[in-house]
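Descriptive structure summary
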Protein chains: 4
Amino acid sequence: MSHNTFGHLFRVTTFGESHGPALGCVVDGCPPNVRISLEQIQAYLDKRKPGQSRFTTQRREDDAVKILSGTMELADGLVTTGTPIAMLIENTDQRSKDYSEIEARYRPGHADYTYEAKYGIRDHRGGGRSSARETAARVAAGAIARRVIPNVTIRAALVSMGEIAIDRANWNWDEVDNNPFFCPDAKAAATMEGYLDGIRKAGSSIGATIEVVAEGVPAGWGAPVYGKLDADLAAALMSINAVKGVEIGDGMGVARLTGEQNADEMRMGNDGTPVFLANHAGGILGGISTGAPVVARFAVKPTSSILTPRKSIDRAGNEVEVSTKGRHDPCVGIRAVPIAEAMMACVLADHYLRHRGQVG
Amino acid sequence: MSHNTFGHLFRVTTFGESHGPALGCVVDGCPPNVRISLEQIQAYLDKRKPGQSRFTTQRREDDAVKILSGTMELADGLVTTGTPIAMLIENTDQRSKDYSEIEARYRPGHADYTYEAKYGIRDHRGGGRSSARETAARVAAGAIARRVIPNVTIRAALVSMGEIAIDRANWNWDEVDNNPFFCPDAKAAATMEGYLDGIRKAGSSIGATIEVVAEGVPAGWGAPVYGKLDADLAAALMSINAVKGVEIGDGMGVARLTGEQNADEMRMGNDGTPVFLANHAGGILGGISTGAPVVARFAVKPTSSILTPRKSIDRAGNEVEVSTKGRHDPCVGIRAVPIAEAMMACVLADHYLRHRGQVG
Amino acid sequence: MSHNTFGHLFRVTTFGESHGPALGCVVDGCPPNVRISLEQIQAYLDKRKPGQSRFTTQRREDDAVKILSGTMELADGLVTTGTPIAMLIENTDQRSKDYSEIEARYRPGHADYTYEAKYGIRDHRGGGRSSARETAARVAAGAIARRVIPNVTIRAALVSMGEIAIDRANWNWDEVDNNPFFCPDAKAAATMEGYLDGIRKAGSSIGATIEVVAEGVPAGWGAPVYGKLDADLAAALMSINAVKGVEIGDGMGVARLTGEQNADEMRMGNDGTPVFLANHAGGILGGISTGAPVVARFAVKPTSSILTPRKSIDRAGNEVEVSTKGRHDPCVGIRAVPIAEAMMACVLADHYLRHRGQVG
Amino acid sequence: MSHNTFGHLFRVTTFGESHGPALGCVVDGCPPNVRISLEQIQAYLDKRKPGQSRFTTQRREDDAVKILSGTMELADGLVTTGTPIAMLIENTDQRSKDYSEIEARYRPGHADYTYEAKYGIRDHRGGGRSSARETAARVAAGAIARRVIPNVTIRAALVSMGEIAIDRANWNWDEVDNNPFFCPDAKAAATMEGYLDGIRKAGSSIGATIEVVAEGVPAGWGAPVYGKLDADLAAALMSINAVKGVEIGDGMGVARLTGEQNADEMRMGNDGTPVFLANHAGGILGGISTGAPVVARFAVKPTSSILTPRKSIDRAGNEVEVSTKGRHDPCVGIRAVPIAEAMMACVLADHYLRHRGQVG
């Protein structure tokens with residue numbers, strides 16, 4: 001990973017700020033003759049789009065994606081040509097005036113201070129490059145990535161919000177699209193509704209945990225020892241705004257396990273391929289996929305934009321109080337769900353191509 | 001990160017298997033005129049070296065490092081010249097016979113199966129490339145990296161082992177070298193001693209959590225949005241053998257925080273630089289360092305080599321039982337402590353150079 | 001260099017086909033607070049733009065560039081912010097109908113056959129991704145790169161066309177903009193006019209040599225041994241459409257020199273810095289700049305699109321004759337002049353940042 | 001390419017100075033199960049080795065290569081495992097005393113001054129990192145690369161030395177190993193013998209041109225537009241010590257061609273694959289291989305170490321005269337022949353894997 005590009009053979013470069021004319025991405029290295037569809041890409045973007053319920057920011061963005069290059073319209077649909085695929089999403093609802101008063105003030109918990117410490121300048125409007133709007137480009141790239149590995153099913157869900165965690169016994173993927181939280185446990189989702197309403201009305205915010213699962217990944221993707229599949233996943237998920245922790249399989253919990261509990265036993269499956277009797281490893285051993293589902297989890301911190309005044313400083317070094325009245329997500333973790341799927345898809349597509357390159 | 005290389009300007013490439021003639025690394029892009037010392041590099045290696053207490057594997061390796069290139073001996077010591085620094089560590093205590101019976105069997109929890117699934121061949125002796133011996137090369141590289149950023153203090157400690165966690169009120173960096181666990185809490189260390197003896201004698205193993213802290217990192221290192229300091233740290237730490245989870249600052253715990261709790265407030269310090277009144281962010285906001293200590297934590301799974309027979313399969317697809325009688329660490333997390341420091345050092349040195357490159 | 005990206009710290013990614021909706025680039029890693037100007041970028045693009053004389057293709061493109069990200073408009077002008085700078089150029093005069101008859105036929109000398117051999121599909125309209133239109137994006141990126149190294153003067157000129165070579169005694173940089181060939185020798189330019197008219201009217205085409213010179217590069221940019229300044233320049237110039245040879249300093253001519261003739265002698269200059277008494281090395285020794293002007297030269301083959309029928313095959317394997325009646329450059333080498341400057345600028349900006357990163 | 005590494009999937013990192021304890025390389029990304037042989041690698045190294053005739057430096061180096069990792073010895077030979085292959089060559093005949101007098105003086109035409117300008121320090125013994133000894137590591141890597149693409153035949157030859165050029169009508173690959181110049185024209189080789197003896201006895205040196213040809217490369221390797229096969233070849237060949245010009249196919253000569261002369265016509269071959277009726281393109285169109293032989297050529301400047309005193313300066317800025325009495329090659333171009341083959345092999349192996357990665 002390097003600055004605004006990630007991936008090695010399936011490479012994604014994104015650009016754009018929250019309040020500039022547009023944002024987008026260039027997907028380079030995509031195989032040719034991959035069938036894609038603008039509607040499908042748009043569908044993933046719509047899932048991430050703000051303003052879809054009272055629980056996400058009320059900024060209204062169409063997030064309408066245009067493809068600028070790298071594809072051809074054939075009689076039976078759109079295909080990739082092997083050349084770079086550029087996609088563009090225009091910003092339409094920017095309301096830059098909302099941000100004038102924080103131009104010189106550093107919002108606690110935001111990247112305002114660090115961008116300015118680094119660059120000596122920052123685009124303060126809507127968080128500039130550090131805005132979660134950048135993730136729209138990731139989702140567009142992820143939609144292409146999925147088509148590169150069509151046999152892999154990638155799904156994510158919100159598994160905790162603040163003090164409310166799902167009951168894994170209730171896990172139902174079909175529930176994920178039935179509630180505004182992408183929560184796989186209908187009962188927990190119902191509880192979250194009142195809980196998040198309370199937080200929203202108080203002008204506060206709350207953290208969340210997201211789990212992303214890829215089924216159908218064959219054994220053998222990944223590589224020792226710095227190109228490990230889990231190392232790349234960790235970087236990819238940690239690069240999502242507000243993420244502070246990443247887990248593979250049992251994650252931080254492995255610290256409490258014994259060797260007997262942790263090592264997933266193996267048997268031969270009915271179809272003649274090995275099966276694992278458990279998946280503490282989250283589908284990855286030695287940085288290489290095992291054939292079991294690849295399972296990752298990450299924690300998203302609460303939005304730092306809150307109504308309660310917080311101590312801060314301004315550019316001149318004056319001590320100030322900052323409270324944010326603009327439109328914001330009470331739980332940004334919700335919209336991280338489609339982003340997580342996109343990042344998983346991009347990392348897997350890249351590792352698929354890298355594996356094919358080295359091993360054939 | 002790509003296969004066996006990591007970093008962009010300060011680049012580390014490692015090579016070598018557990019039971020080959022030697023392992024080592026090439027450190028490319030190191031600034032010239034950096035004072036280094038063979039003794040100092042060796043001292044870090046000695047800290048990681050096996051066989052130093054009954055709690056680490058009894059394999060005896062000198063881990064004596066040789067520098068092959070990239071330095072000059074001046075009248076007053078060794079300095080780097082800006083060209084690639086190759087370092088070599090010979091393997092001396094290999095006992096390949098120990099491994100003959102697992103040649104065709106996949107040890108559960110190990111990378112045996114995945115390497116073979118990927119490559120169709122694997123060096124089974126001692127885990128081959130997936131052996132923790134590879135990390136000796138990281139420690140050597142880390143010793144150079146520290147000299148590139150001499151004002152940064154990097155220290156790691158073991159903060160939990162199985163069910164035993166330290167009491168943070170007892171944290172004392174000076175204790176870390178007073179017990180065989182690199183534990184900063186003397187009292188917890190005493191408890192661990194009996195606890196781990198029990199596990200060791202039972203032929204079992206246990207997981208652990210390590211925390212690594214870098215003090216003295218100025219605000220401004222890191223970069224949006226895929227070159228984030230935390231994204232690179234996540235990949236670097238996840239690439240260490242047996243690591244399954246990585247946290248920055250409050251880590252997975254942020255999922256339970258409110259915006260008020262999470263956003264670290266700022267004031268002006270007495271010396272005229274901003275100070276943070278808390279460090280939930282672990283010293284990183286928007287992927288860029290804040291000037292507060294950079295704090296990362298990761299979980300190491302228990303060694304998969306245990307005495308208890310575990311269900312597995314062999315290369316031919318036969319169902320077998322595997323138990324490991326060789327020399328192994330009852331808690332590999334212990335030796336991950338110096339490795340964590342090395343990886344932190346390498347990532348920071350790289351980001352320091354990258355920052356200097358872009359911003360001057 | 002990798003697929004559609006080049007550079008390491010100053011990284012340029014381009015996208016777009018000849019007949020798609022738009023082409024453009026993303027410049028990542030540019031330092032912050034660099035003053036740029038849209039007018040200046042446009043001026044470089046206008047220099048490369050087709051249709052400016054009867055000696056370049058009559059395709060009419062405004063090549064109007066838009067900046068989508070990575071800059072801020074301050075009171076006194078536009079500055080970079082350190083985040084990726086995306087630039088977009090829309091295609092307006094596409095006339096795709098011109099190309100329908102070569103959809104299934106491979107034009108000799110073009111990339112038609114190789115793209116199809118590689119990808120199994122190709123955008124045949126106007127050469128698709130292999131069109132020289134892609135170079136507009138390079139010129140836009142080069143305009144930014146120049147601002148990163150403001151003390152370096154980069155100029156290129158056409159030094160031969162077919163059998164007509166300039167007389168170096170007549171070299172006058174001011175002449176370059178006085179003739180439609182970017183030729184520094186007014187007398188040679190006059191001869192070229194009639195010469196190229198003859199070629200153009202015959203529906204033929206001709207090759208050319210371009211020289212690009214960078215003055216003001218300090219000693220010390222570049223790096224051993226695969227990151228050599230000349231190695232990167234060679235790749236950058238060879239990547240320009242239709243280029244088949246690249247020279248540094250005396251270039252291919254060094255094969256005829258003796259050691260006495262070749263080794264540029266040194267003396268101390270009046271200002272206390274070393275001077276070279278000759279510049280056979282073209283300003284680069286051991287892959288590192290010497291402080292003398294960096295001089296590169298490259299040959300551009302004649303446009304393959306000619307009126308004379310040429311033997312070829314079609315996609316089905318039938319033997320056919322191909323002649324091209326569309327709008328084309330009788331000497332593409334002419335428009336390579338501003339592209340050469342852009343590539344030199346991008347490579348030098350990258351090496352400047354890399355040098356600053358490693359050495360400070 | 002980046003500093004001391006080149007390639008993307010087949011990646012070569014080299015290290016080592018002329019007078020350090022050893023030099024070597026790490027080849028990462030090599031496919032598994034590739035049959036290699038230490039004898040074969042050694043044979044290529046022996047071809048490059050100094051001291052084989054009176055026309056190359058009399059330094060005596062065994063250049064005995066050791067493999068440290070990445071391979072396994074099976075019953076029927078050595079195979080790669082997919083992990084990094086480290087190879088080591090010890091320096092044995094160093095005679096550092098020869099170089100003491102040039103410690104503070106910059107030899108004209110050498111990299112002495114530029115290394116010191118860049119790094120503020122240089123290993124002056126034998127040229128340090130800028131020594132041609134580094135190329136031994138390339139040859140070792142190239143020997144592995146050839147095994148990755150066994151159907152490709154790669155051969156190089158010296159085609160001119162000073163004023164003496166071969167007659168292409170006499171080209172006979174079998175002659176290459178029959179004379180000390182790797183010259184394919186027996187008659188020209190005979191002339192070179194007396195010619196170079198004269199130069200050698202005069203303590204002078206002379207330049208040369210080398211041509212390298214790869215037969216059996218299928219159509220489709222390479223990639224638009226910065227990952228072009230010819231762009232990577234240009235960088236790889238330009239990175240060889242003393243190279244100042246690189247040509248593909250007709251090279252610099254295309255500047256004099258008309259479109260009719262240049263565009264290689266196509267017909268269907270008897271075996272049903274397309275054939276080219278000429279190969280001005282040197283086997284590459286649009287950066288992608290055509291299936292015709294890949295032909296590259298490059299010029300090597302004369303050794304700068306000559307007996308005739310040349311004006312220079314020393315570190316303190318004093319004006320001095322430098323003449324070199326050490327052991328040197330009167331025509332370094334000779335030993336560039338096996339190096340050229342190695343670089344061609346590495347670039348092709350990398351492009352083969354990259355092509356397989358993207359396209360399958």
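First things first, this report covers the structure right here in the doc. (Residues numbered from 1 in each chain as written. Chains lettered and ligands numbered in written order. Predicted model: local features only at pLDDT ≥ 70, side-chain atom pairs only at ≥ 80, totals over all residues. Heavy atoms only, no water.)

This part is about the interface of chain D and chain B. The partner chain B presents 38 residues to the 38 residues of chain D that form the contact. Carbon and sulfur atoms make up 62% of the surface buried where chain D meets chain B, a total of about 3000 Å² over both sides. Looking only at chain D, the three residues that lose the most surface to chain B are D:L68, D:Y119 and D:I121, adding up to 19% of its buried area. The tally of links between chain D and chain B comes to 0 salt bridges. Our count for the chain D to chain B interface comes out at 8 residue pairs in polar contact (both at pLDDT 80 or more). Elements with a contribution of two residues or more to the side of chain D that touches chain B: β2 (11-15), β3 (22-28), β7 (77-80), β8 (85-90) and α2 (112-119) of chain D. The element that contributes the greatest number of residues to the side of chain D that touches chain B is β2(D), accounting for 4 residues. Residue composition of the side of chain D that touches chain B, grouped by class: 15 nonpolar, 17 polar and 6 charged. (Contact = heavy atoms within 4.5 Å. Buried area = accessible area lost by both parts, 1.4 Å probe. Salt bridge = Lys/Arg side-chain N within 4 Å of Asp/Glu carboxyl O. Polar contact = N/O pair within 3.5 Å; in protein donor to acceptor, adjacent residues only side chain to side chain. Helix = DSSP H or I, 4+ residues; strand = E, 2+ residues; numbered from the N terminus. Nonpolar A, V, L, I, M, F, W, Y, C, P; charged D, E, K, R; others polar.)

On the side of chain B, 108 residues touch chain A, which itself brings 108 residues to the contact. It is A:K118, A:Y226 and A:K244 that lose the most area in chain A upon contact with chain B, and together they represent 11% of the buried surface on that side. Here chain A and chain B share 7 salt bridges between them. The salt bridge partner of B:R256 is A:E163, with a shortest N-O separation of 3.1 Å. At the surface where chain A touches chain B, the tally comes to 61 residue pairs in polar contact (both at pLDDT 80 or more). Residues of the side of chain A that touches chain B, tallied by class, amount to 49 nonpolar, 37 polar and 22 charged.

The next point concerns the relation of the copies chain D and chain B. With an RMSD of 0.0 Å, the operation that places chain D on chain B is a rotation of 180° combined with a shift of 0.0 Å along the axis. On this basis, the relationship between the two copies can be described by a two-fold rotation axis. (Least-squares fit on C-alpha atoms with pLDDT ≥ 70 in both.)

Before going further, it helps to spend a moment on the sheet that holds strand β2 (residues 11-15) of chain A. Residue and element names in this part refer to chain A. Strands sit in the order β1-β2-β3-β8-β5 across an open sheet of 5 strands; the sheet is antiparallel. Looking at which strands have only one partner, the edges of the open sheet turn out to be β1 (5-6) and β5 (65-67). In this sheet, strand β8 (residues 85-90) lies alongside strand β3 (residues 22-28) in antiparallel orientation, the contact comprising 6 bridges. Residue G24 lies in a different strand from β8, and its bridge partner there is L88. Sitting on the sheet, helix α3 (residues 135-148) touches β2, β3 and β8, and the angle it makes with β3 is about 30°. (Pairing = 2+ DSSP bridges. Axes fitted to C-alpha atoms, helices over the stretch in contact; angles between N-to-C directions.)

A general trend in soluble globular proteins is that nonpolar side chains are found buried together. Ranked by size, the top nonpolar core spans 356 residues in total, and within it A:F10, B:F10, C:F10 and D:F10 carry the most contacts. Residues within four places of A:F10 in sequence aside, it is in contact with A:V27, A:D28, A:C30, A:A141, A:I144, A:A145, A:V148, A:C346, A:A349, A:D350 and A:L353. (Core = buried A, V, L, I, M, F, W, Y, C linked by side-chain atoms within 4.5 Å. Buried < 20%, exposed > 50% of the residue type's maximum accessible area, 1.4 Å probe, protein only.)

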